[in-house]
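Listed here are the chains, written in short residue letters.
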Amino acid sequence: MAGEMMVYDWVDYESGQVDRRIFSDQDVYQHELERIFARGWNFICHESQLAESGSFFLNYIGEDQVIAVRDRDQQVQVLLNSCPHRGNTVCSAELGRTRSFFCSYHGWNFDLDGKLLAVPGEQEYYRGQLDKSRLGLKTAAQVESYKGFVFATLDPEAPNLTDYLGWVGALGLDLIAERGDMEVVDGIQKNRIQCNWKLAVDNLFDWYHPKVSHGSAARIGLMNEDELRYMNQMVILGEYGHAIGGAAFDEGKLANLAERVASGGDLDPVDKAKVWRTTEGAREAMGSVGVRCGGHPNIFPNLWVSAAGPPQLCLRIPRGPLATELWWFTFADRHQSTAERRTAVMMANHIFGPSGLLEQDDGENWSHSTRTSLGTVTRRRPLDFSMGLRQDRITVADSDQSYIDTVVNEHAQLWLYRSWQDWMNADSWRALIDNHSPVPTDTV
Amino acid sequence: MAGEMMVYDWVDYESGQVDRRIFSDQDVYQHELERIFARGWNFICHESQLAESGSFFLNYIGEDQVIAVRDRDQQVQVLLNSCPHRGNTVCSAELGRTRSFFCSYHGWNFDLDGKLLAVPGEQEYYRGQLDKSRLGLKTAAQVESYKGFVFATLDPEAPNLTDYLGWVGALGLDLIAERGDMEVVDGIQKNRIQCNWKLAVDNLFDWYHPKVSHGSAARIGLMNEDELRYMNQMVILGEYGHAIGGAAFDEGKLANLAERVASGGDLDPVDKAKVWRTTEGAREAMGSVGVRCGGHPNIFPNLWVSAAGPPQLCLRIPRGPLATELWWFTFADRHQSTAERRTAVMMANHIFGPSGLLEQDDGENWSHSTRTSLGTVTRRRPLDFSMGLRQDRITVADSDQSYIDTVVNEHAQLWLYRSWQDWMNADSWRALIDNHSPVPTDTV
Amino acid sequence: MAGEMMVYDWVDYESGQVDRRIFSDQDVYQHELERIFARGWNFICHESQLAESGSFFLNYIGEDQVIAVRDRDQQVQVLLNSCPHRGNTVCSAELGRTRSFFCSYHGWNFDLDGKLLAVPGEQEYYRGQLDKSRLGLKTAAQVESYKGFVFATLDPEAPNLTDYLGWVGALGLDLIAERGDMEVVDGIQKNRIQCNWKLAVDNLFDWYHPKVSHGSAARIGLMNEDELRYMNQMVILGEYGHAIGGAAFDEGKLANLAERVASGGDLDPVDKAKVWRTTEGAREAMGSVGVRCGGHPNIFPNLWVSAAGPPQLCLRIPRGPLATELWWFTFADRHQSTAERRTAVMMANHIFGPSGLLEQDDGENWSHSTRTSLGTVTRRRPLDFSMGLRQDRITVADSDQSYIDTVVNEHAQLWLYRSWQDWMNADSWRALIDNHSPVPTDTV
Amino acid sequence: MTKIADLSHNELMLLHFEVEQFLYREANLLDERHFDEWIELLTEDIHYWMPIRRTTTSNQPELEFTSIGGMALFDDNLDFLKMRVAKLGASNAWSEEPPSRTRHSVSNVRIVDAEDNGRIVVACNFQLYRTRLESEEDSWIGCRKDWLERNAQGHFKLAQRHIFLDQTTILSQNMSTLF
Amino acid sequence: MTKIADLSHNELMLLHFEVEQFLYREANLLDERHFDEWIELLTEDIHYWMPIRRTTTSNQPELEFTSIGGMALFDDNLDFLKMRVAKLGASNAWSEEPPSRTRHSVSNVRIVDAEDNGRIVVACNFQLYRTRLESEEDSWIGCRKDWLERNAQGHFKLAQRHIFLDQTTILSQNMSTLF
Amino acid sequence: MTKIADLSHNELMLLHFEVEQFLYREANLLDERHFDEWIELLTEDIHYWMPIRRTTTSNQPELEFTSIGGMALFDDNLDFLKMRVAKLGASNAWSEEPPSRTRHSVSNVRIVDAEDNGRIVVACNFQLYRTRLESEEDSWIGCRKDWLERNAQGHFKLAQRHIFLDQTTILSQNMSTLF
Ligand code: FES
Ligand code: FES
Ligand code: FES
Ligand SMILES: [Fe+3]
Ligand SMILES: [Fe+3]
Ligand SMILES: [Fe+3]
C-alpha cells in the first residue's frame, strides 16, 4: 500500500497547522486502519448490554466487524464476524441472544467463545482430518473491561488496557462510571455522515463552535446564550492521544455543595447532577482534578465520553475516508427513579442523534470540511489549530494530575493530530511506545 | 498497474489455504481482466439464439461488451461493441435482429461481420482518404462453436477451442449437448450480486452447502433431506482449470436402465431423465466416465453447466471485484413434447434465478464472504479448502478418463484456485502452456 | 500520484490517433486537475450576473469550488469556498446577495474580498495572537475580465488573460460580446452526464455528428436536412489549445448585407441576426476573418461559445474521469425588444440543456464512448481523428489572422488533444510556454 | 367494459374505493409478514407471473417481455406461492433471516375492465422498497395488472397478477420477497 | 374557491375521483408510449412549464425559481409538445432508442381551486422513474400544479401544467421524457 | 372497530376521502415550509414518536423496535415540536440553511380503527424525499400510524403519530425535517 513507506509530516504542532490531505486521502485511510484501529484498544460495548450468557452485540473495529458476546462462563468475548471456512458472517442481527453462532453457508457451528463446536460431515466428508482447534472464530488479541466498559485490541503486542488508558482515559470513563450503578438504556442511535472520522473527533473538544453552530438551539431557548461562552475551561492531555477538554467546576462551589448535601439542604436539579462529584468514592477514583472536570474526554482514537448532559458515549466508526458512522450509547443509573430516568432519556433523545436539536447542525459542517479537502488547490493550504497555542501553562495538582486551566482553546485538538501522527509513523507497538510524543509538562 | 510485476503466491494447495485478498483487491481484479478474461475462451451464446442472419445477442468478455451476431454467410461473429471512430456503442438492444450496426453518433455503418460498410461524407469530408478496411469493428481473435455452444477469445495466441476445453470441458458441454437437439428457451435471467465472481464459481462445485444453505427448500418439500447427503461423488479435474464435481451414477443401474428401455418397460420421470445416458451416442461422446457423471462442470473461468436438473448454463460476469452478474441460459430439446418442456421450464423458473427457491439463499453468503475479505485483520487469515485434501486417489478408466470417486469434498474448488494462480502468473499463453499445473495423476 | 512522473505520448497527431485511456484513467484525471484546471484560465461568470456589491455566484475550477462576488469597490473577486480554520464552506447558495461570508462552524466572518473581518473570541480565546491577515479566504491568483466575461487562474505564474486567450480566444468571446450590450438571462441550466469532459469538448467542434445524432430534430422540422451538410467550414487554431470550427459566412454576402442595411432595406430574421457583423466596431474587433466566423469556439480547456443560435456559453465541469456537468449560460442584448428576447429565450430553452430537442441526444453517445474506454481490450485501440488530416492549407488573411477554409473535418478536435498533451507534459507554466506546439502555419 | 360501463359514477367510485382498500390491505399483510393471511386472499387457480423484460429496439417491441409459459421471474400457481410463504416463515431461509423490511406502495390504481366471468381487472403502479441488515437497499418499480373476483361472501380474492418490472437486469442479490 | 366551496362533500369526492382517474390515465398513456393519445388530452393553448430551481438562502426565496418567460427546462406550447412527441416516435431520436422505460406515479392529489373560467386547479406530488438499457436509473421527484378544463363532451383536458422538480442540478444525462 | 363498522360504504368512503385530504394538506404544509400552520393541526397533547429500529433474528421480533419512553429518534410533545418548528424558521439552523427541499408522499391510506374517545386511527405508507444544496439526496421510507380527532369545528387534528422507518442505520447526515 502506497502509505506503507512514507513518514507522515503532516501535522506541524509548532505552528498548529494540519495538512488537509489526511481528511480524504485513500492511502492515509488504509494506513489508519492498519496502524490505529487494528492496533489500538477499541470500545466495543458496555457489559450491561450483554445481560446473560448468549447475549450479543455487533460492532466494528475499523472495518472489521466484531461480535461482542457473553459466553457460558459469563466472560465477554470479542470475535471477528467471519467464518474461517469460506468467510461468511456468522451473525447478522445487530443484537440479541443466541446459543451459538451458526454459519448459514455450510453449517459450521461456533461456541460463544468462538470455538468450532461442530462441522457437518466431519467424519463423512473431512474423514476426521479437520483440526477444529485451529478453525474457531478469530478472537480479539486482548479483551478487557474497565468498570463495565468493554474494550478490545486486535494487536497481541498492545499494552494492557490500564496502561493504554492511563489516568486520563480512566478519568474519561469515570465521568460516567462513578455516577452510580450504570447501565445502557436500550436503543443505540446510528447514522452515517459524509465526513472524515477525525473531524468528528476533533469537534468533541470544540467549545468554540456551539455558540455559532448551535446558535439556533439558543434562539429556541434550548440553551442559554451566556452558557456558550465557556470561559472556565480545563484541558487534560493524555498519553497516546487521549484528552479531555471543557468546563471546569469550582473547587469551592463543590465543597460548599458537599456541605449542603451533608446538612440535608434541598438542591436544584443542576446541583443534584453534581452531587456524585462530592463523594469520597468519586474523589478517590478521580482525584481532585477529576471531580472538577466537566469537559469532553476522547478515548483515542474514536470514543467520545459525553458527560456534560445525560451520560452518553458516541463512537465514531470510519466508513472509508469520506464517511463516518455515529453510534450513541446512553447510560442511566439502575437506581434512578423512573421519573429521573425519563427526564434524562428525553434530554438524550432531543440533544444528540441525527434528529437531535443540537447535533442536527454538526454533520454538514464536518462533511463540507471533508469535501473541500478534495479540492486540488484548496487542499494545499493546511487547517489552523493555533487557538491558545503557546499561551497556556500546565498545572500539576497535589494529586499529581496535570492539567491546563484556560479559556476556549485548541490544545486538545492539536494534541489529537500530533498523537495521530505518532501512531501513523510507528510500525509496531514497540516503536509507538518508544517514539510517541511525551505529554507536555510546562507550556502548551 | 500495481499487479503487473507481482508473482502471486496466494494459493497454498499443499495446505488448502487461499488468501482472502484475491476476493476484493482492485489490482488483482484488473489483473484478472487482463490475464484471464482477455486471454481465455469465453462462452458467448448458443447458436439457437441466433436463428437467422442478422440475429444478435449482447454479452461480455470481462468488462468488454461484445455482440454475437449471425452474419450473411450464417457465420457467428463476435464483435467488440465500440465504434472505432469515437468509441460509441453500435448496438444497445440486448437481443434482436438487424441488417447492420449503425453508429448513432456519426452514422458509420458496419456489416454483420464488423466490416465498415459506409461512412457519411467519405468523399466530401474524408476526401477519399479513409482506409475503411482498418476501421471495422474489432472482431474476437478466435470464435468457435462446440456442438452449438459459441465461445470466443480475444487473444490470437490462444490454442483452439478443442485444445482449450480438453476432454473435461467437452464433457461438461456434452452433458447438455448429448441430451438431444438442444435450443435455448427464450429469456435469460440476469441479476447482480455483491460478490466476487470466484466465490460464485467456487460454489458450483460445492455439494457441502445445499443441506444448510438450502435447508429451507427441503423443509418446504422441494427437495428430500437425504438427497442432500451426496455420498457418491465423482470429481474430474481438467487442464487450465476446468473441473466437474458432483453426483456419480451407478454403472450397473445405468445398464439395467438400458435394458428396461430396450424391453420397452415404462419408466418413472427420474429414470426417463437418464435414458439419454444409455445411448450409444452418449457413451461414444462422453465415454464410460462421462455417462456416469451427474455433477456440475465449470468451463474455466466462469461458465457453470448446471446439468443435474433441467439443462442450464449460468455465466458469472465480473462487475468489479465486489460484484458479479449471473446470467441463466435454459435449454430444451426441440423434439420434446410441449408438456415435457413446460415441466422443465417451470422447474428452471423455480429453482434458480434471483427468485429461485434455491438460489435465493446463495447470494447473501457470497456477498458476506466478499465483504469480510475487506476487513483489515479479517483478511489476514486465509480461507480453508482442506476437505478431502490428500484423502483421495485418481482412478483412470479404460476410456482413459481419469476421475476421483469420493464423497463431498473441496478438490475441484482448490483446483480452481490453483489454476487461477497459474493464469495470473503467466504473462502470455506461451508461459501458461509451459507452466500451468499438470492434472494430478495419483492422489489429491 | 502515479501520473506525476510519466510522459504522455497518447496523442499521435501524425496519424490522428488518440489513446482511449485518457477518457477514464483515474491518474490521468488527477493529473488534469493539477496541470490543466489548477493552471489555466477558467471561465467563472459574466459581470452581469454580479449586479451589485455583494452579488455572488458559485462555480468550480476543476474540483475546487469558488465564489465569484462583487466586492465593496465593485471589483469581482474569485475566492476558494473554504474556511481557513476547519475548512468548512462559507457559501452554500448557488447565487444571491450577501454582506459578507459567514462561516457556520465557528463564525469567522469574511469580507467580500475574502479578508478575514471578525473572529469570535479574537481577544478572549486567541488572546490577540491570531494573525487575521494571513487567514482570509484564498483568492484566485489572477482574475481578469474580457468584455464582461470573468476568468480566473489559480496559478500566479500564468500569463495574463490577454496573452492566454490570444486572438483566437478573444475572437471566440467577441462572437457574443460584439453583438451588443450583453447580459446573462437569469437561469443557468445544469445537468450531469456520465462522460469524460474531453469528449464533450471534442463534440463542440463536431459538425459531422448533427446529421445523424440530431437526425430526429430534422425529422420533426426543427432543422433543415440540407443545413446539416456544412460544406463551408472555417477552422481556426489558437495557441494553448483554443480553437474555432464551423460555418463561414461569405465575404460578399456580408458586404451586400451591409449595403442593404445602409439603404434601410428591410431584412429577414436570418439577415437581422448577422447585421452586427457588418458594423465597423465588429470588423475592428474581430478582423475580416472574425466577422466571417460562424463556428463554435472553445476557450481551452472547457468553455464552449455557442454563437450560432442565441448566444450561449456551455461550461463543462469535470466530476471525476467518468462524469461531467454541463452549465448553460444564455445571453441577451440589454437593448433588445421584449419580443426579440422572448424569441431568443424560447429557442435557447428548446435547443440545448437536458431537455433541449437537440442536446437530449448528445449525452448518451458521450457516455457510451466513455464507458467503452474502460474495456480491457476495447481500450487498446485508439480513437480516430483523421478526417481531413493533411488535406488542408492554412490561409493568412490581410488581417494577419490565419485560418483554414474547408469542409467538415477533425482539425480542431485533434488540435484540442495535441494541446492537451502539451499541458499534461509541462510541469510549470514556464515549461508550457517553452514547449507547447506552435500553431500550424502551412498545412494541417 | 361491459359491466363497468353500466355503473353510475358513484357506484364506480365505491367499487374503486373497495378495490383500492383491498390492494392496500393485501400490501400491508406482506409488509407485516402475515403471509398465511395473505395466502387466504388468493383464489385456488391464482396465476402469479413476472416475465423477464429485455432492452429492445423500438421496432421489435414483441421481444420486450417473455411470454406466458416461457422463462419468467415468477410463474406461480397456489402451490408454489404456498412454498414461498412457507419458506418466508422458515427460520432457515437465509435470504430472509434476519427478515427483510419491505414496503409495498401502490399508486395510480385504475379499474380497466370487468370480464364476463365477473372478474375485475385492475391496473396500478407499484414501488416495492426493501432494506436488509445494516444498510442494504433495493427498490423495485413497475406496473401491475390484477384480476379480482368476489367469493361467496362477496369478498375480493386475487385471481391473477401480472407484474411488469421496469428493470431488465435485476440489480438485487435476490428476489426473496413477494410483489 | 368559488365553485368548489358550493360542492357537497359527495360532489367534491366525485369530482376528485374523476380528476384522479384522469391524471392516472394520462400518466399511463405516457408510460405505455401512446403519445398521440396523450396529445389529445391537451388544450390548444396548453402551457407546459418547468422552471429552473436554485439553491438559495432562506432570506432570498424569490431567487429559487426562474420565472415564466425566462430560462426554463420546459416551456412548451402545443407545437413544441407535438415536436417532442414526434421525436419520441422517431426511431432516430437516440436518447430514446431503445426506448426508456418510465413510470409516472402521482400522489397526494388535491383540488386546490376552481377558476372563474371553469378551470380546476389540481396539485399533486409526482415521482417519475426511468430506467434505460441495462441498468441506468433516474428518479425525478417534485410537485405539480395542473389546470384542467372540460371540453364540449365534458371530458377533462389539460390546459396548463407547472412542474416543480426538487433537484437543482439535474443528475440525469438528459430529460428526454415528458412529466 | 365500533363506529367504523356502523358506517355505510358510502359514509366510510367519505370519511376516508376527508382523512386522505387532511393528510395531503398536512404534508403540503411541511413541503411548503408553512410550519406555523402545520403546528395548528396538532392537538395540545400530541405525541410524535419514531422508535429506533434494529436488525434482529426472526425469533426475537420483540427487539426490533425500542419502546415508548425509551431511546427514540423522535419522542416529541407539542413543546418539542414547536421548538423544531422555531428552529426550522431560524435562519441560523445550519442544517436547514439553505432550506432542504422535501417531498412528503403518502400512500396506501387505511382507516384501521376508531377509538371510543372518537379518535380515528389511520395507517399509511410514506416516502419522504429530501434534496439539499447541489445534489444531496435522502429518501426515508416506512409506514405511519396517525390518530386523528375532530375539534369543536369538526376539523381534524393530529393527536398522535407513530413513525416506523424501514432503515435501521440512518443513512443521512441528519434528520432535520419533520415526517
Ligand atoms: S463458510 Fe461458514 S461453514 Fe462454510
Ligand atoms: S463514433 Fe461512431 S460514427 Fe463516430
Ligand atoms: S471552520 Fe470556519 S470558523 Fe471554524
Ligand atoms: Fe456540536
Ligand atoms: Fe446453492
Ligand atoms: Fe450535438
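Residues numbered from 1 in each chain as written. Chains lettered and ligands numbered in written order. Predicted model: local features only at pLDDT ≥ 70, side-chain atom pairs only at ≥ 80, totals over all residues. Heavy atoms only, no water.

### What about the overall build of chain A?
Step number 1: If you tally the helices and strands in chain A, you get 12 helices and 23 strands.
Step number 2: For chain A, the C-alpha radius of gyration of 23 Å lies close to 22 Å, the compact-globule estimate for 444 residues.
Step number 3: Taking the principal axes of its C-alpha atoms as reference, chain A extends roughly 75 × 60 × 45 Å.
Step number 4: By residue count, 67% of the 444 residues in chain A fall in the buried class.
Step number 5: Looking at chain A alone, contacts between residues at least 24 apart form 65% of all its contacts between residues at least 6 apart. (Helix = DSSP H or I, 4+ residues; strand = E, 2+ residues; numbered from the N terminus. Rg over C-alpha atoms; globule rule 2.2 N^0.38 Å. Buried < 20%, exposed > 50% of the residue type's maximum accessible area, 1.4 Å probe, protein only. Contact = heavy atoms within 4.5 Å.)

### Overview of the relation of the copies chain F and chain D
Step number 1: When chain F is brought onto chain D, the operation consists of a screw motion whose angular component is 120° and whose axial shift is 0.0 Å, with 0.0 Å RMSD remaining. What the superposition gives is, in effect, a three-fold axis relating one chain to the other. For chain F, the minimum C-alpha distance to the rotation axis belongs to Ser 107 of chain F and amounts to 4.1 Å.
Step number 2: A different interface surface on each copy is seen, since only 12% of the contact residues of chain F are contact residues in chain D too. (Least-squares fit on C-alpha atoms with pLDDT ≥ 70 in both.)

### A closer look at the coordination of the iron ion (ligand 4)
Residue and element names in this part refer to chain A.
Step number 1: Surrounding the iron ion (ligand 4) are the protein donor atoms His 209 (NE2), His 214 (NE2), Asp 362 (OD) and Asp 362 (OD), which sit 2.1 to 2.4 Å from the metal.
Step number 2: One way to put it: the 4 donor atoms around the iron ion (ligand 4) meet at angles of 55 to 146°, and that makes the site irregular.
Step number 3: Sequence spacing of the donor residues for the iron ion (ligand 4), all on one chain, is H-x4-H-x147-D. Taken together, the residues span a long stretch of sequence, with His 209 in the loop between α3 (197–204) and α4 (210–213) and Asp 362 in the loop between α9 (338–351) and α10 (363–372) at a distance of 153 residues.
Step number 4: Owing to a relative accessible area of 5%, Asp 362 belongs among the buried residues under this scheme. (Donors = N, O, S within 2.8 Å, 3.2 Å for Na, K, Ca; no water. Tetrahedral: all angles 85-135°; square planar, octahedral: opposite > 155°, others 65-115°.)

### Comments concerning the interface of chain F and chain D
Step number 1: Contact with chain F, which involves 26 residues of that partner, is made by 27 residues of chain D.
Step number 2: Taken together, both faces of the contact between chain F and chain D bury some 2200 Å²; the carbon and sulfur share is 54%.
Step number 3: Among the residues of chain F in contact with chain D, Met 13, Asn 108 and Arg 110 of chain F are the three that bury the most area, contributing 25% of the side total.
Step number 4: Between the two partners, chain F and chain D, sit 1 salt bridge.
Step number 5: For Arg 103 of chain D, the salt bridge is made with Asp 166 of chain F, and the minimal N-O distance between the two is 2.8 Å.
Step number 6: Among the elements of the structure, α2 (9–31), β3 (101–114), β4 (120–132) and β5 (136–150) of chain F are those that each provide at least two residues to the side of chain F that touches chain D.
Step number 7: It is α2 of chain F that contributes the most residues to the side of chain F that touches chain D, 5 residues altogether.
Step number 8: Taken together, the residues of the side of chain F that touches chain D sort by class into 6 nonpolar, 15 polar and 5 charged. (Buried area = accessible area lost by both parts, 1.4 Å probe. Salt bridge = Lys/Arg side-chain N within 4 Å of Asp/Glu carboxyl O. Nonpolar A, V, L, I, M, F, W, Y, C, P; charged D, E, K, R; others polar.)

### A short note on the confidence of the model for chain D
Step number 1: When pLDDT is averaged along chain D, the result is 95, and 99% of the positions lie at 70 or above.
Step number 2: Interface confidence in the predicted complex, given as ipTM, is 0.96; pTM for the same model is 0.97. (pLDDT = per-residue confidence, 0-100.)

### Section: the coordination of the iron ion (ligand 6)
Each pair of donors in an ideal octahedron of six around a metal sits at 90 or 180 degrees, and each pair in an ideal tetrahedron of four sits at 109.5 degrees.
Residue and element names in this part refer to chain C.
Step number 1: Coordination of the iron ion (ligand 6) by the protein is provided by His 209 (NE2), His 214 (NE2), Asp 362 (OD) and Asp 362 (OD), with metal-donor distances spanning 2.2 to 2.4 Å.
Step number 2: Angles of 55 to 147° at the metal separate the 4 donor atoms of the iron ion (ligand 6), which places the site in the irregular class.
Step number 3: Sequence spacing among the residues donating to the iron ion (ligand 6) works out to H-x4-H-x147-D.

### Overview of the sheet that holds strand β5 (residues 136–150) of chain D
Residue and element names in this part refer to chain D.
Step number 1: The sheet built from 6 strands is open, its strands ordered β2-β1-β6-β5-β4-β3 with mixed pairing. Either end of the sheet is taken by a strand with one partner, and the two such strands are β2 (72–76) and β3 (101–114). Taking the axes of each pair of neighbouring strands and ignoring which way they run, one obtains an average angle of 20° across the sheet.
Step number 2: Of the pairings in the sheet, the one linking β3 to strand β4 (residues 120–132) comprises 11 bridges and is antiparallel in character. Within the sheet, the bridge partner assigned to Asp 113 lies in β4 and is Val 121. (Pairing = 2+ DSSP bridges. Axes fitted to C-alpha atoms, helices over the stretch in contact; angles between N-to-C directions.)

### Comments concerning the interface of chain A and chain C
Step number 1: Across the boundary between the two partners, chain A contributes 42 residues, which contact 39 residues of chain C.
Step number 2: Here chain A meets chain C over a buried area of about 3200 Å², counting both sides, of which 46% is carbon and sulfur.
Step number 3: When residues of chain A are sorted by the area they lose upon contact with chain C, Tyr 208, Val 377 and Arg 381 of chain A head the list and together hold 22% of the total.
Step number 4: Run the count over chain A and chain C and you get 6 salt bridges.
Step number 5: Where chain A packs against chain C, one counts 30 residue pairs in polar contact (both at pLDDT 80 or more).
Step number 6: Among the secondary structure elements, those contributing two or more residues to the side of chain A that touches chain C are α3, α4, α10 and β21 (383–384) of chain A.
Step number 7: At 7 residues, α10 of chain A tops the list of elements feeding residues into the side of chain A that touches chain C. (Polar contact = N/O pair within 3.5 Å; in protein donor to acceptor, adjacent residues only side chain to side chain.)

### What to know about the pattern of salt bridges
Step number 1: All chains considered together, the criterion is met by 135 salt bridges over all chains.
Step number 2: Note that Asp 181 of chain A and Arg 334 of chain A form a salt bridge whose closest N and O atoms lie 2.8 Å from each other. With a gap of 153 residues between them, Asp 181 of chain A in the loop between α2 (161–177) and β13 (182–184) and Arg 334 of chain A in the loop between β20 (324–333) and α9 connect regions that are remote in the sequence.
Step number 3: For the salt bridge of Arg 130 of chain F with Glu 96 of chain F, the shortest nitrogen-to-oxygen distance reads 3.7 Å. Of this pair, Arg 130 of chain F sits in strand β4 while Glu 96 of chain F sits in the loop between α4 (78–89) and β3, and the two are 34 residues apart along the sequence.
Step number 4: For Arg 130 of chain F, a relative accessible area of 2% puts it in the buried group.
Step number 5: Glu 96 of chain F gets classed as buried once you look at its relative accessible area, which sits at 3%.
Step number 6: Among the ionic contacts, a cluster of salt bridges with common partners joins Asp 31 and Arg 103 of chain D together with Arg 53, Glu 64 and Asp 166 of chain F.

### Thoughts on the side chain of Thr 169 of chain E
Step number 1: When you line up the elements, Thr 169 of chain E lands in the segment after β6 (156–165).
Step number 2: If sequence neighbours within four positions are ignored, Thr 169 of chain E has contacts with Lys 190, Asn 191 and Glu 325 of chain C together with Glu 134 of chain F.

### Considerations on the arrangement of the chains
Step number 1: The two units chain C and chain D are non-contacting; their minimal C-alpha-C-alpha distance is 14 Å.
Step number 2: Regarding chain A and chain E, which are not in contact, the minimum distance between any of their C-alpha atoms is 14 Å.

### Topic: the pairing of strand β2 (residues 72–76) of chain E
Residue and element names in this part refer to chain E.
Step number 1: Within β2, 5 of the 5 residues are buried, which leaves it mostly tucked inside the rest of the structure.
Step number 2: Bridge count for strand β1 (residues 42–51) against β2 is 4 bridges, and the pairing is antiparallel. Counterpart to Pro 51 in the pairing with β2 is Ala 72.

### Examining the sheet that holds strand β5 (residues 64–70) of chain A
Residues and elements named next belong to chain A.
Step number 1: Spatial ordering of the open sheet is given by β6-β5-β4-β7, a layout of 4 strands whose pairing is antiparallel. The two strands at the open ends of the sheet, each matched to only one other strand, are β6 (76–80) and β7 (95–97). For this sheet the average axis-to-axis angle between neighbouring strands, irrespective of direction, equals 30°.
Step number 2: Here strand β4 (residues 55–61) pairs with β7 via 3 bridges, running antiparallel. Note on β7: the bridge partner recorded for Phe 56 is Gly 96.

### Here's the deal with empty space enclosed by the protein
Step number 1: Its volume calculated, the largest cavity comes out at about 470 Å³.
Step number 2: The residue makeup of the lining of the largest cavity, split by class, is 18 nonpolar, 14 polar and 6 charged.
Step number 3: In this structure, the second largest cavity encloses a volume near 160 Å³.
Step number 4: Lining the second largest cavity, in full, are Met 13, His 16, Phe 17 and Glu 20 of chain D, Met 13, His 16, Phe 17 and Glu 20 of chain E together with Met 13, His 16, Phe 17 and Glu 20 of chain F.
Step number 5: Within the residue set of the lining of the second largest cavity, elements represented by two or more residues are α2 (9–31) of chain D, α2 (9–31) of chain E together with α2 of chain F.
Step number 6: A class-by-class count of the residues in the lining of the second largest cavity yields 6 nonpolar, 3 polar and 3 charged. (1 Å grid on protein atoms, 1.4 Å probe; cavity = no way out; pocket = protein on both sides within 12 Å on 5 of 7 lines; lining within 4 Å. Points joined across faces, edges and corners; volume = space filled by probe spheres on them.)

### Let's talk about the packing of α2 of chain D against α2 of chain F
Step number 1: Packing of α2 of chain D against α2 of chain F leaves a shortest axis separation of 11 Å and a crossing angle of 70°. In terms of orientation, α2 of chain D and α2 of chain F fall into the roughly perpendicular class. In the packing of α2 of chain D onto α2 of chain F, the handedness of the crossing is left-handed. Of the residues in α2 of chain F, those touching α2 of chain D at Asn 10, Met 13, Leu 14, Phe 17 and Gln 21 of chain D are His 9, Asn 10, Leu 12, Met 13 and His 16 of chain F. (Parallel < 35°, antiparallel > 145°, perpendicular 65-115°, else oblique. Left-handed = near helix turned anticlockwise from the far one by under 90°.)

### Notes on the packing of aromatic side chains
For any two aromatic rings, the description comes down to two numbers: the centre-to-centre distance and the angle of the planes.
Step number 1: Here the structure, examined in full by the defined rule, presents 103 aromatic pairs over all chains.
Step number 2: Measuring from ring centre to ring centre gives 6.2 Å for Trp 38 of chain E and Tyr 48 of chain E, while their planes differ by 85°; the resulting arrangement is edge-to-face. With Trp 38 of chain E in helix α3 (residues 35–40) and Tyr 48 of chain E in strand β1, this residue pair connects regions lying 10 residues apart in the sequence. In this structure, Trp 38 of chain E and Tyr 48 of chain E share a single accessibility class: buried.
Step number 3: The structure contains a cluster of three or more aromatic residues connected by ring pairs, namely Phe 43, Phe 57, Tyr 60, Phe 149, Phe 151, Trp 327, Phe 329 and Phe 331 of chain B. (Phe/Tyr/Trp six-rings, centres within 6.5 Å; stacked < 30°, edge-to-face > 60°.)

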